[in-house]
Amino acid sequence: MEKQKENKKVLLVGSAVTNLEKRELTEHLEELSLLASTLGYEVVDTFEVNLVKISAGTYIGSGKIEEIKDYASAMKIKEIIFDNELSPSQSKNLEKLIDIKISDRTSIILDIFVRHARTKEAKTQVELAKLEYLLPRLTRLWTHLERQTGGIGMRGGMGETQIEVDRRLIRTKIIRHKRELVKIEKHRKTQGKRRQEEFKVALVGYTNAGKSTLMNAMTHSHVYIKDELFATLDTTIRKWEIDNDHKVLLSDTVGFIRKLPPNLVSSFRTTLSEVIEADLIIKVADISSESCFAQLDSVEEILMDMGVVDHPSIIVFNKIDNMNKKIMKQAKQKYPDAIFLSALEKLRLQNLKDSILDHIKQNETTISLKIPLKNMQTIIELRKHTKIISEEYEDEYGIIQINCLNKIWAKLNKQLRHSFEVID
Ligand SMILES: Nc1nc2c(ncn2[C@@H]2O[C@H](COP(=O)(O)OP(=O)(O)OP(=O)(O)O)[C@@H](O)[C@H]2O)c(=O)[nH]1
Ligand SMILES: [Mg+2]
């Protein structure tokens, strides 16, 4: 099935209602073109449509539809991709009028995810998002779906059309995938419990910003890197010893993009849980890109939608080896606390390390405790979960100075409260 898609001729359509949007439109279409080429499509041309008003039935007006139809038939276009998300009825109407498969940015993103999913978790999440997207959109031109769900040839009761059969099959599959994800999430939570005591740092950012390259540079690991959109779909977690006294768990996860389908974000909840639970978030931006700031804004928006609002964070502008001076100057003004580095060329990585260390230190407690020796279990627990800085013993008690993360101290304090006295 994948082979058929290669070199498929497509036409991109983007629309703008206001002047501001018009300026961004070209940029958005360039990105859509990159998305389409990630799927191996041949982008024949792009149409920028100025809209006075969005048509409820067909999104664009009838004159434009005619123009696109003529062009598409002359150029043997096989699929038309809209940059804006079309409602199910808009895409159905357009499909009928133009008689060519119509898709939108969302479905292209979903297709890339389908193609790049490797693990069971990613595959289940992607398929769930795709099925939810397709359910209200079944038409005769979405034939690949019928094959995907095994719908062909499986007629249901009397008078039931193929589309109705497919709809029923999709609903069943959606339920099955959701159940599967609940299982995966449970498993992840048990694993997560073991990691709760570590300081967790999560890399987030626009797709292709260089998150995986940074992960590899910092931890000397070999996460998959590629100059394509959505190279990473899973979360990789690595232990990283920043210095002799401090180690963190660093996670690299799926990248974001403008207009990321909301059901994709919600079905990737398990994968993104490392971001939600992180003690520190590193927002990686690509300083070599003209749309660097718009990309950073999209990342902030998606994080907000995920409920990640108050997490401490560091902004990292990556790819300084290939930077644009003007953007660099703006970035320094706009984000005076940001770190500038190159993950690929391993330039200024130490600045990021120092900044992470500062964050960890702000999250640490050093405290002296007086512990009666009869409470030996308390001493054992402290040895297990904290760093012992010094210890002195008298006949009946010990004075122990410990250092640990605030979150560990909060837990220990609650658990062992009556077995010691805080003296400093
Ligand atoms: N010039 C330059 N290129 C870089 C740098 N860091 C990463 N790249 C390139 O940017 C491309 C994307 O890198 P990745 O590390 O895969 O990006 P990512 O953010 O993990 O992308 P996704 O997994 O798709 O979200 C690759 O071609 C890298 O070689 C850098 O510092 N300088
Ligand atoms: Mg990656």
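Residues numbered from 1 in each chain as written. Chains lettered and ligands numbered in written order. Predicted model: local features only at pLDDT ≥ 70, side-chain atom pairs only at ≥ 80, totals over all residues.

1. Overview of the overall build of the protein
At step 1: The secondary structure content of the protein amounts to 16 helices and 14 strands.
At step 2: Expressed as lengths along the three principal axes of its C-alpha atoms, the size of the protein is roughly 95 × 60 × 35 Å.
At step 3: Sequence separation of 24 or more characterises 66% of the internal contacts of the protein that already satisfy a separation of 6 or more. (Helix = DSSP H or I, 4+ residues; strand = E, 2+ residues; numbered from the N terminus. Contact = placed C-beta atoms within 7 Å.)

2. What about helix α3 (residues 62-74)?
At step 1: Between its first and last C-alpha, α3 extends 18 Å over 13 residues, near the 18 Å set by a 1.5 Å rise per residue.
At step 2: Downstream of α3 by one or two residues, K76 has phi in the positive range, about 55°. (Expected span 1.5 Å × (residues − 1).)

3. Considering the sheet that holds strand β11 (residues 364-372)
At step 1: The 4 strands lie next to each other as β12-β13-β11-β14, forming an open sheet whose pairing is antiparallel. Lying at the two open borders of the sheet, with one neighbouring strand each, are β12 (387-393) and β14 (421-422).
At step 2: Where β11 lies against strand β13 (residues 397-405), 9 bridges are found, and the strand directions are antiparallel. If you follow S368 over to β13, its bridge partner there is Q401.
At step 3: On top of the sheet, helix α15 (residues 376-385) reaches β11, β12 and β13; it is set at about 30° to β13, its chief contact. (Pairing = 2+ DSSP bridges. Axes fitted to C-alpha atoms, helices over the stretch in contact; angles between N-to-C directions.)

4. Here's the deal with the site of ligand 1
At step 1: Neighbouring residues of ligand 1: 24 residues in total, closest G210, D227, T232, G255 and L344.
At step 2: Sorting elements by how many residues they give to the shell around ligand 1 places helix α9 (residues 211-219) first, with 3 residues. (Near = placed C-beta within 6 Å.)

5. A closer look at the packing of helix α5 (residues 105-116) against helix α6 (residues 120-134)
At step 1: Interaxial distance between α5 and α6 falls to 9 Å at its minimum, and their mutual angle equals 150°. When the axis of α5 is compared with that of α6, the two are roughly antiparallel. Relative to α6, α5 is oriented so that their crossing is left-handed. Between α5, through T106, S107, L110, F113 and V114, and α6, the contact on the second element is made entirely by V126, A129, K130 and Y133. (Parallel < 35°, antiparallel > 145°, perpendicular 65-115°, else oblique. Left-handed = near helix turned anticlockwise from the far one by under 90°.)

6. Quick look at the domain arrangement of the protein
At step 1: Taken domain by domain, the protein comprises domain 1 (2-112), domain 2 (120-134 + 151-190), domain 3 (198-361) and domain 4 (364-422).
At step 2: On a C-alpha basis, the centroid separation for the pair domain 3 and domain 4 is 36 Å. (Domains from an automatic or database assignment.)

7. Notes on the pairing of β13
At step 1: Note: β12 against β13, 6 bridges, orientation antiparallel. The residue bridging E392 from the neighbouring strand is I399, located in β13.
At step 2: The hairpin turn running from β12 into β13, its antiparallel successor, is 3 residues long.

8. Quick word on the sheet that holds strand β5 (residues 199-205)
By definition, the strands of a sheet pair up through backbone hydrogen bonds, in either a parallel or an antiparallel sense.
At step 1: A sheet is described by the order of its strands in space; here 6 strands give the open sequence β6-β7-β5-β8-β9-β10, paired in mixed fashion. Each end of this open sheet is capped by a strand with a single partner; those strands are β6 (236-243) and β10 (339-340).
At step 2: Docked against the sheet, α9 engages β5, β6, β7 (246-252), β8 (280-286) and β9 (313-318), running at close to 155° with respect to β7.
At step 3: The sheet strands contacting helix α12 (residues 292-305) are β5 and β8, and the helix crosses β8 at an angle near 150°.

9. A short note on the nonpolar core
At step 1: Counting 79 residues, the largest nonpolar core has I80, I109, V201 and A285 as its most contacted members.
At step 2: The biggest single contributor to this core is α6, with 6 residues.
At step 3: Discounting residues that sit within four places of it in the chain, I80 has contacts with V10, L11, V13, I68, A72, I98, I100 and I102.
At step 4: Counting residues in each nonpolar core, the second largest holds 8 residues, with L369, L382, I402 and C404 among its members. (Core = buried A, V, L, I, M, F, W, Y, C linked by C-beta atoms within 7 Å. Buried ≥ 20, exposed ≤ 12 C-beta atoms within 10 Å, placed from the backbone.)

10. A word on the pairing of β8
At step 1: For β8, the tally of buried residues reaches 7 of 7 residues, placing the bulk of the element in the interior.
At step 2: Neither face of β8 is left uncovered, since the one carrying L280, I282, V284 and D286 and the one carrying I281, K283 and A285 both have all their residues buried.
At step 3: Sheet topology places β5 next to β8; 5 bridges connect them, and they run parallel. Residue pairing for β8: L203 is matched across the bridge by I282.
At step 4: Bridge analysis of β8 against β9 gives 6 bridges, and the strand direction is parallel. Note on β9: the bridge partner recorded for K283 is I315.
At step 5: With α12 bridging β8 and the parallel β9, this β-α-β connection has right-handed handedness. (Right-handed = clockwise from strand over helix to strand, strands pointing away.)

11. Regarding unusual backbone geometry
At step 1: In this structure, D99 is a non-glycine residue whose phi angle is positive, near 60°.
At step 2: Examined against the element boundaries, D99 turns out to sit in the loop between α4 (88-98) and β4 (101-104).
At step 3: The exposure class assigned to D99 is exposed, which follows from the 12 C-beta atoms found within 10 Å.
At step 4: Here F230, not a glycine, exhibits a phi torsion of approximately 55°, which is positive.
At step 5: Tracing the backbone shows F230 in the loop between α9 and β6.

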